[in-house]
Amino acid sequence: MPKNPDDLRSSRWFAPDDIRSSSHRSRAMQMGYDRQEWEGKPVIAIINTWSDINPCHAHFKHRVEDVKRGVLQAGGFPIELPALSLAEVFVKPTTMLYRNMLAMESEELIRSHPADGVVLMGGCDKTTPGLVMGAISAGLPMIFMPAGPMLRGNYRGEHLGSGSDAWKYWDERRAGVLSDEDWTGVEAGIARSYGHCMTMGTASTMTAITEAMGLSLPGGSSIPAPDANHIRLASASGRRAVEMVWEDLVPGKIIDRRAVDNALKVAMALGCSTNAIIHLIAMAKRAAVPLSLDDFDTISRAVPVIANIRPSGDTYLMEDFFYAGGLRALMAQLGDQLALDAMTVTGKGLGDGLERAKVFNEDVIRPLSNPVYHEGSLAVLRGNLAPGGAVIKPAACAAKFHEHTGPALVFDSYAEMKAAIDRDDLEVTGDHVLVLRNAGPQGGPGMPEWGMLPIPKKLLKQGIRDMVRLSDARMSGTSYGACILHAAPEAHVGGPLALLKTGDMVKVSVGNRSIDMLISDDELAARKAAWQKPADHYARGYGYIFARHIKQADEGCDFDFLETDFGAAVAEPSIF
């Protein structure tokens, strides 16, 4: 049954004839509002992750006005609530340290204010999962408004992909091939508009996943940030948020097993970021939908990569993807592999209108019969080096690395690795497995994106541009190469990666989904007995809380006390 005005949650703040509600009305009028602006109308909280230092969200300063316009058009009352911006390139040691903080902030912003529904404005990597996790836990009608990808980069007529070409040309500069003048030109041309990364990195992956879960308006995640369609998306999201309040369309009516599986399948078809695993597990668990690494690997074997977008693809970027038909066209290619009856924020199934979605460039969005890669984007490896699992992106590296055995070259910290990696006397060959440990959730701290270890300079000079690399870190979704990531349990808590020594042989088999160090069980046990836990990073503050409650990569890196099954649901706040 549709709600009536007396049922609005915000009426608890504004409607009663008592001194506290009188104060709420008085203070609203202090800001210049009249009673008719809020009485009997849904109050829509707009959680905005804009800041002066987040280039991905630079347009949110004015785009929020378009969301407000939509809310007003539909008869709602908008209130903008600022939240952590989590600017990916500027926040140190890593934004992943603060994803759960944003989730907590979002949940409490929603719960503590007189909100009936929510528009979430995000897009830069961790903002999408952070906002969605918090809003799921809060449980009010919510809609996600994606920031949109930036325009293609350009330098001297060549299209540049954010992140991916930065790594590529940095290696060329280290090898002495690229001049300082050219490098400066790449710096200036690689990111030339507001919006998030336009490769299929974590930002594009997570906004697409959120749409596939049914939490954004259809086609919204593909629209470039500077496109006029993005302005229309913002106002439409505001209008729809008001309607969702009257319909009582809460996250619990949208996110179920079908929605999560749809997100997972779309992610695999896109050639998604490896970070999708951590974030989607955390998001699903907030909605009480169990999800594991095995689910990712099973679906990866069944759904091929059909989006020819870098870095899994070799040519195109998100702007091209939008012109080729966008996410809806890719979903149409997947067809009945998706649960098309899964509910979305539109109040209709995911498949509603999908028959009208067309592919306008079949090299960008491939048919299933001509995939970019025959399996999905990710593969999960297990063995005595990573009993909890590790992740590789097979489509983003040469096939020769899918089966590899070589000696380990182990670094205990990024600082140690950085000091050694450019030395001409470093004892390393292209067959080595570069290893970085103590870079996981606790060891990093916060599991930084250090997993795409730089190729040693002496090998770059020999023409080598890729080799097997292993870590308990993450890597940017814009990264590529034979990088094995998220080794769990991490070294900092005594995972087997902590026991590996330089010179140990490491065997990797993507076909067998395995990763092992070739030493005896007795030797492994002796090393385990001698291992000593490294010192903690924090003695106080948020980091202290983080270290004691963060879960491992294979479990989604949420705080244990934030997961849905931790305790009873939080009650509505008392108003006295």
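A few points on the structure. The shown structure was predicted, so the numbers you read here are calculated from the model rather than taken from an experiment. For every chain, the first residue of the written sequence is number 1, and numbering continues from 1 onward in sequence order. Where totals are concerned, whole chains, interfaces and linings use all residues; where local detail is concerned, this predicted model gives features only for residues with pLDDT of at least 70, and gives and counts side-chain atom pairs only at 80 or more. Here the side-chain values reflect all heavy atoms present in the structure, with hydrogen atoms and water set aside.

So, the sheet that holds strand β9 (residues 403-411)
No. 1: Pairing between strands is defined by DSSP: at least two bridges between them are needed. Only DSSP runs of H or I reaching four residues or more are called helices, and only runs of E reaching two or more are called strands; each is numbered from the N terminus. Taken together, the 8 strands give an open sheet; going across it, the order is β7-β8-β12-β11-β10-β9-β13-β14, and neighbouring strands pair in mixed fashion. The open sheet is flanked by β7 (379-381) and β14 (514-517), the only strands paired with a single partner. Taking the axes of each pair of neighbouring strands and ignoring which way they run, one obtains an average angle of 30 degrees across the sheet. Lines fitted to C-alpha atoms define the axes, with helix axes restricted to the stretch in contact, and inter-axis angles between N-to-C directions lie between 0 and 180 degrees.

A few points about the side chain of Ser85
No. 1: Checked against the element boundaries, Ser85 lands in the loop between β2 (77-82) and α5 (99-112).
No. 2: Only protein chains enter the accessibility calculation, which uses a 1.4 Å probe. A residue is then buried if its area is under 20% of the maximum for its type, exposed if over 50%, and partly exposed in between. A relative accessible area of 10% means that Ser85 is categorised as buried.
No. 3: Beyond its immediate chain neighbours, meaning those up to four positions away, Ser85 contacts Thr49, Trp50, Ser51, Asn54, His57 and Thr127. Throughout, a residue-residue contact means that at least one pair of heavy atoms, one from each residue, lies within 4.5 Å.

Observations concerning the packing of helix α6 (residues 127-138) against helix α9 (residues 202-212)
No. 1: Where α6 contacts α9, the axes come no closer than 9 Å and their chain directions differ by 35 degrees. Mapping the contact onto sequence places Thr128, Pro129 and Val132 in α6 and Met206, Thr207 and Thr210 in α9.

Points about the state of the cysteines
Joining two cysteines, a disulfide is a covalent bond between their sulfur atoms.
No. 1: For the purposes of this analysis, a disulfide is any pair of cysteine sulfur atoms at a distance within 2.5 Å. In total, this model carries 0 disulfides according to the counting rule given.
No. 2: The structure places no disulfide on Cys397, whose sulfur is separated from the nearest cysteine sulfur, that of Cys483, by 8.2 Å.
No. 3: Its relative accessible area of 12% is what places Cys397 among the buried residues.

Some remarks on unusual backbone geometry
As a rule of thumb, non-glycine residues mostly have phi less than zero, and peptide bonds are mostly trans rather than cis.
No. 1: The amide bond that connects Arg310 to the next residue, Pro311, takes the cis arrangement and shows omega of 15 degrees.
No. 2: Locating Pro311 in the fold gives a position in the loop between α13 (293-302) and α14 (318-323).
No. 3: Ala488 connects to Pro489 through a cis peptide bond whose omega is -5 degrees.
No. 4: You can see Pro489 is positioned in the loop between β12 (483-488) and β13 (505-509).

Here we look at the pattern of salt bridges
No. 1: What makes a salt bridge here is a side-chain nitrogen of Lys or Arg within 4 Å of a carboxyl oxygen of Asp or Glu, nothing more. Under the defined criterion, the tally for this structure stands at 48 salt bridges.
No. 2: Note that Lys533 and Asp536 form a salt bridge whose closest N and O atoms lie 3.0 Å from each other.
No. 3: By relative accessible area, which is 44% here, Lys533 ends up partly exposed.
No. 4: The partner of Asp536 in a salt bridge is Arg548, and the shortest N-O contact between them spans 3.8 Å. Residue Asp536 is found in the loop between α18 (521-530) and α19 (541-549), and its partner Arg548 is found in helix α19; the two are separated by 12 residues along the sequence.
No. 5: Sharing partners across several salt bridges, the network here consists of Glu88, Asp125, Lys126, Glu449 and Arg474.

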